Amino acid sequence: MDAGNRGVSGHSRAAAGPGYPARRSAALRRRRQKTVKRMLLVFSALVIVGGLAFAVVQLLGRTPGGASHPGSAPTSVTQAAGEGPAVLLAVMQDATTVALLCIDPVGPPTILVALPGDTLVKTGSGFNTVSELAATRGAAALRESIGSLLGVDAGTVAELQWAGLRNAAVAVGQGGSLPPALVATGSATSVLTAAGAVAAAAKTAKGQAALGDLELNGTGAETAREALRELPSPPEVQAVVPGKDATRGGVSYFEPDLERIASLLGRARDSRESVEVQNGSGEIGVAEAATEVISILGLTMLEPKNAEQFPDVASTQILAAPDAVAQAERVRTLLKVGKVVEQKDLPAGRIVVIIGKDLAAASLPSRGE
């Protein structure tokens, strides 16, 4: 018994002889490595299963064709290339643009706005009227200029004869509420009222027929027809664009009021830049005249005044705060004289035009220049 016990003890002592701690440590490392590998395999399997489950949920959450399930977030609607929500409809009479309609059934706000054919608008090379743009520059120029003026994304342009729009308005039974000028000669007011009548009746059988019979021309013809059909009745904004009749150099035109347009459409214009015109030449009224011209650019105009050097300024100068140099260059381009000088001590956004003897009131630009 004692001998057996001593045998076992001897074996244990032999096993625990030199090198045993190293062997035991190596065995423990092998076990830990195996355990880590098993855990990594399990984690990888969980990730794969989770990814597959997420993909299945996403597929089940969509209807055939890739559309979102009614309970999911709506997907965005991408406009066709070159098309925005607003449509321009040039209403013509005797090859002349009577008025331009801006139709925006999407909004907000939904709008039906008419611009007289002689509305003065800014182009890349100066100023022109809507009629001149339609006749000489085409759809692209109209989209850019009217879109900038109204602050809308104008995508397509179509043309329609005034007689056709007038007949459509009469056909839907709204002729009695239209102005007397509707019978023969179009105007911005008549065009607006006729278009509003057609849009208001669009959901009726008469309205559908009248819209179908409209002879629209241009690449935006069908888009314009659909815009009239989808315009809510009444639209949130239905008006002739605000402004005033003006005459300069014997030429008459309609000058849009940029601030009132912004207010009408509920869009705030960026009026950080303000312009003060100073008379340094001594010519009576030149500062007031220049202020009126520069206001077309949509900048905030301050009260004109005399310059400190009045009346001995020889050359026009355009002083600009550092953040207003780009707008000052627009002013210089409009006036066609002067040199833009950056002035760091001016208030932010401030532009000061000091008129010299090289800029007379009679030389100020008029329509189309």
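These numbers were taken from a predicted model, which means no experiment stands behind them.

A. Representation of the overall build of the protein in the model. When helices and strands are counted, the protein shows eleven helices and 16 strands. Taking all 369 residues of the protein together, 41% fall into the buried category. Sequence-distant contacts, at least 24 apart, represent 65% of the contacts inside the protein between residues at least 6 apart. Counting only carbon and sulfur atoms, one obtains 56% of the accessible surface of the protein, whose full area is about 19,800 Å².

B. Representation of the environment of Ser 315. Residue placement: Ser 315 occurs in the loop between strand S13 (305-306) and strand S14 (317-320). Classification of Ser 315 by relative accessible area gives partly exposed; the value is 45%. Setting aside residues up to four positions removed in sequence, Ser 315 forms contacts with Ile 354, Gly 356 and Asp 358.

C. Representation of helix H9 (residues 258-265) within the structure. For H9, the set of buried residues is Leu 258, Ile 261, Ala 262 and Leu 265. Down the axis of H9, the sector holding all buried residues measures 100°, keeping them to one side. Those residues of H9 that are buried are in contact with strand S3 (111-116), helix H4 (139-150), strand S8 (237-240) and strand S10 (251-256). Measuring from the side-chain oxygen of the N-cap residue of H9 to the backbone nitrogen of Arg 260 gives 3.1 Å; that N-cap residue is Asp 257.

D. Summary view of the layout of surface pockets. Approximately 580 Å³ is the volume found for the largest pocket. Mapped by element, the contributors of at least two residues to the lining of the largest pocket are strand S4 (120-123), H4, strand S9 (243-248), S10, H9 and strand S12 (300-301).

E. Up close: the pattern of salt bridges. The tally for this structure, following the rule as stated, stands at four salt bridges. A salt bridge links Glu 226 to Arg 229; its shortest N-O distance comes to 2.9 Å. One end of the pair is Glu 226 and the other is Arg 229, both in helix H8 (residues 221-230) and three residues apart, which spans about a single turn. Judged by relative accessible area, which is 35%, Glu 226 ranks as partly exposed. With a relative accessible area of 16%, Arg 229 lands in the buried category. The closest approach of N and O atoms between Arg 332 and Glu 329, which form a salt bridge, is 3.6 Å. Of the two residues, Arg 332 and Glu 329 are both situated in helix H11 (residues 325-335); the distance of three residues between them amounts to about one turn of the helix.

F. Local environment of the packing of aromatic side chains. Taken as a whole and judged by the stated rule, the model has zero aromatic pairs. The positively charged end of Lys 122 is found above the aromatic ring belonging to Phe 127, 5.7 Å away from the centroid.

G. How the structure looks around the packing of helix H3 (residues 130-137) against H4. Interhelical geometry of H3 versus H4 gives an angle of 145° and a closest axis separation of 7 Å. Contact residues: H3 offers Val 130, Leu 133, Ala 134 and Arg 137, while H4 offers Ala 139, Ala 141, Leu 142, Ser 145 and Ile 146. Across the contact of H3 with H4, the residue classes break down as seven nonpolar, one polar and one charged.

H. Spotlight on the pairing of S4. Note: S4 against strand S5 (residues 126-129), four bridges, orientation antiparallel. In the strand pairing of S5, Leu 120 is matched with Thr 129. Following S4, the chain reverses through two residues before pairing antiparallel with S5.

I. Quick peek at the environment of Leu 297. By the element assignment, Leu 297 lies in the loop between helix H10 (286-294) and S12. You can call Leu 297 buried: its relative accessible area is 7%. Put simply, Leu 297 and Val 331 are 34 residues apart on the chain and 7.9 Å apart in space, counted from C-alpha to C-alpha. Every residue in contact with Leu 297, bar those within four places of it in the chain, is listed here: Lys 122, Phe 127, Leu 258, Arg 330, Val 331 and Leu 334.

J. Region of the structure containing the sheet that holds strand S6 (residues 154-161). Read across the sheet, six strands follow the order S7-S6-S1-S2-S3-S8 without closing on themselves; strand pairing throughout is mixed. Both outer strands of the open sheet, strand S7 (216-217) and S8, are each paired with one neighbouring strand and no more. With seven bridges connecting them, strand S1 (residues 86-93) and S6 associate as parallel partners. Across the sheet, Met 92 pairs through a bridge with Gln 161, a residue of S6.

K. How the structure looks around the side chain of Ser 274. Assignment of secondary structure puts Ser 274 in strand S11 (residues 274-279). Given the relative accessible area of 10%, Ser 274 is considered buried. Only 2.9 Å separates the side chain of Ser 274 from the side chain of Arg 350, close enough to count as a polar contact. Aside from chain neighbours lying at most four places away, what touches Ser 274 is Thr 300, Leu 302, Gly 349, Arg 350 and Ile 351.

L. Examining H11 more closely. Of the residues making up H11, those classed as buried are Gln 327, Ala 328, Val 331, Leu 334 and Leu 335. Down the axis of H11, the smallest arc covering the buried residues is 115°, so these residues share one side. H11 presents Ala 326 and Thr 333 as exposed residues on the side facing more than 90 degrees away from its buried surface. For H11, the elements touching its buried residues are S5, H10, S14, strand S15 (339-342) and strand S16 (350-355). With its phi angle positive at about 70°, Lys 336 sits one or two positions after the end of H11.

M. Structural context of the nonpolar core. Formed by 35 residues in total, the largest nonpolar core has its most connected members in Leu 89, Leu 101, Ile 103, Leu 165 and Val 191. Counting only elements with at least two residues in this core, the list comes to S1, strand S2 (96-104), S3, S6, helix H5 (162-171), helix H6 (188-200), helix H7 (205-213) and H8. Among all residues touching Ile 103, those that are not within four sequence positions of it are Pro 85, Ala 86, Val 87, Leu 89, Ile 111, Leu 112, Ala 227, Leu 228 and Leu 231. Of all hydrophobic cores here, the second largest spans 28 residues; its members include Ala 290, Val 353, Leu 359 and Leu 364.

Conventions we followed
- Residues numbered from 1 in each chain as written.
- Predicted model: local features only at pLDDT ≥ 70, side-chain atom pairs only at ≥ 80, totals over all residues.
- Heavy atoms only, no water.
- Helix = DSSP H or I, 4+ residues; strand = E, 2+ residues; numbered from the N terminus.
- Buried < 20%, exposed > 50% of the residue type's maximum accessible area, 1.4 Å probe, protein only.
- Contact = heavy atoms within 4.5 Å.
- Areas by Shrake-Rupley, 256 points an atom, 1.4 Å probe, with all protein chains shown as cover.
- Arc of directions from axis to C-beta.
- Polar contact = N/O pair within 3.5 Å; in protein donor to acceptor, adjacent residues only side chain to side chain.
- 1 Å grid on protein atoms, 1.4 Å probe; cavity = no way out; pocket = protein on both sides within 12 Å on 5 of 7 lines; lining within 4 Å.
- Points joined across faces, edges and corners; volume = space filled by probe spheres on them.
- Salt bridge = Lys/Arg side-chain N within 4 Å of Asp/Glu carboxyl O.
- Phe/Tyr/Trp six-rings, centres within 6.5 Å; stacked < 30°, edge-to-face > 60°.
- Lys NZ or Arg CZ within 6 Å of the ring centre and 35° of its normal.
- Axes fitted to C-alpha atoms, helices over the stretch in contact; angles between N-to-C directions.
- Nonpolar A, V, L, I, M, F, W, Y, C, P; charged D, E, K, R; others polar.
- Pairing = 2+ DSSP bridges.
- Core = buried A, V, L, I, M, F, W, Y, C linked by side-chain atoms within 4.5 Å.

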